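Residue-level listing of the chains:
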Protein chains: 4
Amino acid sequence: MIKAGIIGSTGYAGAEIVRLLLQHPEAEVVWYGSRSYADQPYADVYRNMFELVDDRCLSEDMDELAKRADVIFTATPQGLCASLVNDEILKHTKIIDLSADFRIKRPDVYEQWYKRTHEAPQFIQEAVYGLCEINRDSIKNARLIANPGCFTTASILTLYPLVEEGLVDLSSIIVDAKSGVSGAGRGAKVQNLYCEVNESVKPYGVTSHRHTPEIEEQLSYAAGMDYENGQSVLINFTPHLVPMNRGILSTCYAALKEGVSASQVEDAYRRRYQDEYFIRLLGEGNFPETRWVEGSNFLDIGWTVDPRTHRLVACGALDNLVKGAAGQAVQNMNILFGLKENTGLELVPLFP
Amino acid sequence: MIKAGIIGSTGYAGAEIVRLLLQHPEAEVVWYGSRSYADQPYADVYRNMFELVDDRCLSEDMDELAKRADVIFTATPQGLCASLVNDEILKHTKIIDLSADFRIKRPDVYEQWYKRTHEAPQFIQEAVYGLCEINRDSIKNARLIANPGCFTTASILTLYPLVEEGLVDLSSIIVDAKSGVSGAGRGAKVQNLYCEVNESVKPYGVTSHRHTPEIEEQLSYAAGMDYENGQSVLINFTPHLVPMNRGILSTCYAALKEGVSASQVEDAYRRRYQDEYFIRLLGEGNFPETRWVEGSNFLDIGWTVDPRTHRLVACGALDNLVKGAAGQAVQNMNILFGLKENTGLELVPLFP
Amino acid sequence: MIKAGIIGSTGYAGAEIVRLLLQHPEAEVVWYGSRSYADQPYADVYRNMFELVDDRCLSEDMDELAKRADVIFTATPQGLCASLVNDEILKHTKIIDLSADFRIKRPDVYEQWYKRTHEAPQFIQEAVYGLCEINRDSIKNARLIANPGCFTTASILTLYPLVEEGLVDLSSIIVDAKSGVSGAGRGAKVQNLYCEVNESVKPYGVTSHRHTPEIEEQLSYAAGMDYENGQSVLINFTPHLVPMNRGILSTCYAALKEGVSASQVEDAYRRRYQDEYFIRLLGEGNFPETRWVEGSNFLDIGWTVDPRTHRLVACGALDNLVKGAAGQAVQNMNILFGLKENTGLELVPLFP
Amino acid sequence: MIKAGIIGSTGYAGAEIVRLLLQHPEAEVVWYGSRSYADQPYADVYRNMFELVDDRCLSEDMDELAKRADVIFTATPQGLCASLVNDEILKHTKIIDLSADFRIKRPDVYEQWYKRTHEAPQFIQEAVYGLCEINRDSIKNARLIANPGCFTTASILTLYPLVEEGLVDLSSIIVDAKSGVSGAGRGAKVQNLYCEVNESVKPYGVTSHRHTPEIEEQLSYAAGMDYENGQSVLINFTPHLVPMNRGILSTCYAALKEGVSASQVEDAYRRRYQDEYFIRLLGEGNFPETRWVEGSNFLDIGWTVDPRTHRLVACGALDNLVKGAAGQAVQNMNILFGLKENTGLELVPLFP
């Protein structure tokens, strides 16, 4: 059994890791870290875990945890993982960081979008961006995984094959994304109260959302650009908040290069994803809905080519807490420990 | 592997059986019955099943199905199972009926509340009321299981130990229940449209809901009454529709008999349910919420005794599609086939 | 024009007073009091008021306000109004208090349920309980109005005629109520976050909710009891939180006295409410739904008598922010200033 | 008093006209037309109207209605208005058609997108597109108003000033829109059931939605193109369904022409809309949310210019049943009858 520790186990993403590991045949949680609820029974914080988890929450002592755990998930605010990680810890254990600390290879870009100085730049190069379907080979031997964000997983994977095969005009990419509310976390803020969110839809972080550079970086790699030396795709990314608990839908627009046909688009998707368990290609003209992936680790992708504007419209839908966070983190764990990639993750989407 | 057929697999309860059996290690679905969608790919009706179920929907030919399946789940409107069942079928296979056809032992009561003549009265006595925690011994050898309703499972189990031990005044029982919308089924009715249900709560079937006699009958047995000869507890049962997909909360009121103490109430609950995997006793003063059981087969129970009115207020919460329908049906299947009762049902509640 | 000041104008109830007074032909808001947002433009706090309200929020200086306003609405936490009110203020202005400070005539009961010492007991007797349909004569000349709570308005008015006419067994009353989330206020608490409330229903304050004694007191008056000397109806009151913004449904149960008929019940309702503009009697067998009163000052009442148990089941539905708070407050203002009672309150319910 | 008849008064848009006219000081409803509910009391279909509307529903006899009404609102499926309108009717009365029948000046475009032959092409030229803020002068003397669609009102008005002033590249326009469910109407369809829509977001009509040509036509006029002779802006328009009752948010993307500055964008908006009562410019960097306009006739607009991509992102939010349907229809009526444009429409948005 893989011994897993979770820093930030009482946030929504952390709690989802708990849910997934409880149903995982090869892993167990040995440390329920929580700054806010230390010493309280975990099941008092999440009553769904009543009689399923008997443990109490523990502090965030990562040095101690590193001795007890084979893998540590850090589901914490920006900066925490970077402030705690060190070589000693990485000698003992693997870290899968669900924050953005190690997602971006250029510290200047990180600092510009996150408005903070990076506290552990020495680990940035080593960290592997844990987008499993793209980077699984490098993930295998990593010590430190930067688990991708929710919007970014949906957006990058939806656009990746087209960018990789050079089918779209890189200056034309727009991602208009819609998210459920759990993505905003469990902090007590007026703006996330039921009555503030319910019966409304709103854009936020327009032209300034932190997932923008993460998407741009990965698409730059897909395009073969020299990102670390300043080359980069530039996109518009606009997230919207939708009154639902879970789910992300990324609606992606891109101008096809002249002469590119609908069948080339289809081929690009099939080539990349045909054999991926967690990516379900709905085919041209069929579009995903977040309800069909709820609770599961699937990413559903559908698309069409508009003959009038010669533009591609492609949509990706996933559960932000699963494939967009905890599920992908467990998928990374499976790769790290040589398990079959979907071990413990063959969750059937819950509907309705 | 247990071969299971489902009649009515494209209703919400039927689809939930599919979800559960896909994750069940000892059973597989061999027949996706659906009158409305016959010949269509099942995954076209429920897109969450895309790439998980390749089968097409089949007709509702129960004779043919009986030859292929070890167990048939009928998740169909009232009357259908009664109109199809016969001895030949029951020789080949077990039936777990999710409709109300065989739940009520007195045909006159059935006909009075359901406004229809019973089409197979000869099987009523044989049928076992599949409330697993109460009737598991008789379930073991049954051929025909009457799977309890959603409101009734929550309400009966919440009141059972108190009635059984004679702690409450039987003429004082009131059940005020709240249900999510999936209980209303997938039929296209104006009253169940999103805009009609959202942002509202309403009572329905006041003093006339069909789950009333089902609750009364089982509580009568608990009280040791001679129900079949006309003795019966009489209760008020008022269901309400709440804008959420899943979940039932039964708030139960009963006057305690003179001299009955809070600790006697607690003892009654503990004696009955302490060792039940699927019943979680939250303890006095702790009340259940439907969110903590969503997607799981748990029934959470909490209660308090009001010293001012000497009345018990007890609440039970479950997921109407799981413990209130498909989950309990699979639990019955597990009992019927000698499996551990929670096989394939150790589902961790999904939150949020 | 009546000059109105609002203390607590940035809570949900306070904001609803603003909405109503903006559409009121005889009143205007002259003071937007807010402790949390003092000096900020009101429309920055409630963007629906953009270009409709140009004022900035002011402090809660009630002495100053009393000089400028003809009426002060206090939509504030428990205790604030009692801590500020004095004779000088009441000489200048009328106060309509939306908190519970002056609702309960017995300070010992207040202190028992609210766990706080009353700070202005000298005004308790003078204060008039502003349940308009019952107390409008005493309201006319009052200086200090205790505006009823949301659950209480729905529950008392639904039961009042029956208690008043002696049709029900007073020891048998149970009120099972369901509320939208705006009743919980705009404070930033984890328990009121979207993801915590959505897709769930839960009971709270079981046997201990503060609206219990308020209902009991008014029903005691209806029954002709000597409440202030210790006589009182005792009831069970159980509120539930429902995932919707607005709306309260009170489902009331009471045993009818022997010999009482359904037509006596109907007559009692008609006698009391036939001519009330804001109370809509749906008639026997028709039940209210909160969606039909949203945004309006209506209370819809429906009921039935169960011949099997000889129990009455009656339901009242209102919008907790309107008839359950701000609307009734404005109705009280209309009475205080000699206006037609529905002035500015002829709001058509918004659906869907 | 203006006598108004409504064909299709029991759909959501028709019912909203009823709500608005009940609160309108200069108009009254004289005909509640409804094919589905003819002869039934209107308040039985919409219980919010109990005791407010005593009328029964009438047939859809437009000839008879034309004799009794000064204005007829047709809130009906595509084709109905075109099949009924004739010169005799237009001599007696004005028609405000909420369907798409007369919105598009090119019958070939209409037939291509609506897949039906136009039944009254002779009235297409005469009909005035009732986008009040743009066309109020021509509306004044019209007999037949084509009331704009919900998505189109939001999208056209958000982009209009920029297109009109030539600030954006016309080939670059993308509109990604989000709608509440009431836009789908009150028909009993599985896809609009509560459980199908709740907790999900989905795109629909991708590259094929019928509001596309309507937006394109009006933007073509704004750009000074010769639309009727085949010139046209081409856009991508992608609507999404969001689990909420009301509200539309249009997120619009367009590349600014070289050299165009953020202040030119601001100026264009101010010039066009500064004095418009119903258009609220939130200013650069402030974005609208549908909750702030619910129940009102406002359109809120916010925008920003992304310096990285030199692209404009502009959002418009409205209530699809008010400014997107019934409210704009009443606004058109006010113009037609020489009333102040916001008569009866000074509705304060309802929040929460």
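This part is about the overall build of chain A. Secondary structure summary: chain A contains 12 helices and 13 strands in total. Here chain A has a C-alpha radius of gyration of 20 Å; the compact-globule value for 352 residues is 20 Å, and the two agree. In terms of overall dimensions, chain A has C-alpha extents of about 60 × 45 × 40 Å along its principal axes. Considering chain A as a whole, with its 352 residues, one finds that 67% of them fall into the buried category. At a minimum sequence separation of 6, the contacts of chain A that also span at least 24 residues come to 70%. Per element, the accessible surface of chain A, about 10,700 Å² overall, is 44% carbon and sulfur. Side chains of chain A give 33 positive and 47 negative charges; the mean places of these two sets differ by 1 Å.

Before going further, it helps to examine the sheet that holds strand β13 (residues 311–318) of chain B. Two pairing modes exist for strands in a sheet, parallel and antiparallel, and in both the strands are linked by backbone hydrogen bonds. Residue and element names in this part refer to chain B. Taken together, 7 strands build an open sheet; the order of strands is β8-β9-β7-β10-β13-β12-β11 and the sheet is mixed. Taken across any chain shown, the strands that pair with only one partner, and hence form the sheet edges, are β8 (202–203) and β11 (279–284). Packing against the sheet, helix α8 (residues 150–164) makes contact with β7 (174–179), β9 (236–241), β10 (248–255), β11, β12 (299–306) and β13, and its axis sits at approximately 35 degrees to β10.

Turning next to the relation of the copies chain D and chain A. In the superposition of chain D on chain A (RMSD 0.0 Å, axial shift 0.0 Å), the rotation amounts to 180 degrees. Such a turn and shift between the copies fits a two-fold axis. The residues that chain D uses at the interface reappear at the interface of chain A in 100% of cases, marking a shared surface.

Here we take up the pairing of β12(B). All names here are of chain B. Counting buried positions along β12 yields 8 of 8 residues, so the element is predominantly enclosed. Burial along β12 is two-sided: the residues Leu299, Ile301, Trp303 and Val305 and Asp300, Gly302, Thr304 and Asp306 are all buried. The sheet contact formed by β11 and β12 spans 5 bridges and is parallel. Directly across from arginine 280, in β12, lies its bridge partner aspartate 300. Relative to β13, β12 runs antiparallel, the two sharing 8 bridges. By the bridge assignment, glycine 302 is partnered in β13 with cysteine 315.

It is worth spelling out the confidence of the model for chain A at this point. The predicted structure's coordinates, where accompanied by low pLDDT, should not be read in detail. The predicted model of chain A averages 97 in pLDDT, with 100% of residues at 70 or higher. If you check the scores for this complex, the pTM reads 0.98 and the ipTM reads 0.97.

Here we take up the packing of helix α1 (residues 12–22) of chain C against helix α12 (residues 322–336) of chain C. Residues and elements named next belong to chain C. Orientation of α1 relative to α12, taken along the N-to-C sense of each, is 50 degrees, at an axis distance of 9 Å. The pairing of α1 with α12 is recorded here as oblique in orientation. The handedness of the crossing between α1 and α12 comes out as right-handed. Contact with α1, carried on its side by Ala13, Glu16, Ile17, Arg19, Leu20 and Leu21, involves Val322, Ala325, Ala326, Gly327, Val330 and Met333 of α12 and no other residues of that element. When its residues are assigned to classes, the contact of α1 with α12 shows 9 nonpolar, 1 polar and 2 charged.

Turning to the side chain of Glu276(B), a few remarks are in order. Inspection of the secondary structure puts Glu276(B) in the loop between α11 (262–273) and β11. Setting aside residues up to four positions removed in sequence, Glu276(B) forms contacts with Glu133(B) and Arg136(B).

It is worth spelling out the nonpolar core at this point. Counting residues in each nonpolar core, the largest one holds 103 residues, and the members touching the most others are Phe73(B) and Phe73(D). A total of 8 residues in this core trace back to one element, the largest contributor, which is helix α12 (residues 322–336) of chain D. Among all residues touching Phe73(B), those that are not within four sequence positions of it are Ala4(B), Gly5(B), Ile6(B), Ile7(B), Ile17(B), Leu21(B), Ile96(B), Leu98(B), Ala329(B), Val330(B) and Met333(B). Within the second largest apolar cluster, 102 residues are counted, among which are Ile17(A), Tyr42(A), Phe278(A) and Ala326(C).

Rotating chain D by 180 degrees and moving it 0.0 Å along the rotation axis overlays it on chain C with an RMSD of 0.0 Å. Comparing interface residues between copies, 100% of those in chain D also sit at the interface in chain C, which points to an isologous, same-surface contact.

Quick look at the pairing of strand β3 (residues 71–74) of chain D now. Residue and element names in this part refer to chain D. Burial of β3 is two-sided: the residues Val71 and Phe73 facing one way and the residues Ile72 and Thr74 facing the other way are all buried. Across 4 bridges, the pairing between strand β1 (residues 2–7) and β3 is parallel. Among the inter-strand pairings, isoleucine 7 is bridged to a residue of β3, identified as threonine 74. Relative to strand β4 (residues 94–97), β3 runs parallel, the two being bridged by 4 bridges. Looking at the pairing, threonine 74 lines up with aspartate 97 of β4.

It is worth spelling out the sheet that holds strand β5 (residues 128–129) of chain A at this point. All names here are of chain A. Reading across the sheet, the 6 strands line up as β2-β1-β3-β4-β6-β5 and stay open at both edges, with parallel pairing between neighbours. Here the strands that pair on one side only, and so sit at the sheet edges, are β2 (27–32) and β5. By the bridge criterion, 5 bridges tie strand β1 (residues 2–7) to β2 in an arrangement that is parallel. The residue of β2 that forms the bridge with glycine 5 is tryptophan 31.

Conventions we followed
Residues numbered from 1 in each chain as written. Chains lettered and ligands numbered in written order. Predicted model: local features only at pLDDT ≥ 70, side-chain atom pairs only at ≥ 80, totals over all residues. Heavy atoms only, no water. Helix = DSSP H or I, 4+ residues; strand = E, 2+ residues; numbered from the N terminus. Rg over C-alpha atoms; globule rule 2.2 N^0.38 Å. Buried < 20%, exposed > 50% of the residue type's maximum accessible area, 1.4 Å probe, protein only. Contact = heavy atoms within 4.5 Å. Areas by Shrake-Rupley, 256 points an atom, 1.4 Å probe, with all protein chains shown as cover. Lys, Arg positive; Asp, Glu negative; His and termini not counted. Charge placed at Lys NZ, Arg CZ, Asp CG, Glu CD. Pairing = 2+ DSSP bridges. Axes fitted to C-alpha atoms, helices over the stretch in contact; angles between N-to-C directions. Least-squares fit on C-alpha atoms with pLDDT ≥ 70 in both. pLDDT = per-residue confidence, 0-100. Parallel < 35°, antiparallel > 145°, perpendicular 65-115°, else oblique. Left-handed = near helix turned anticlockwise from the far one by under 90°. Nonpolar A, V, L, I, M, F, W, Y, C, P; charged D, E, K, R; others polar. Core = buried A, V, L, I, M, F, W, Y, C linked by side-chain atoms within 4.5 Å.

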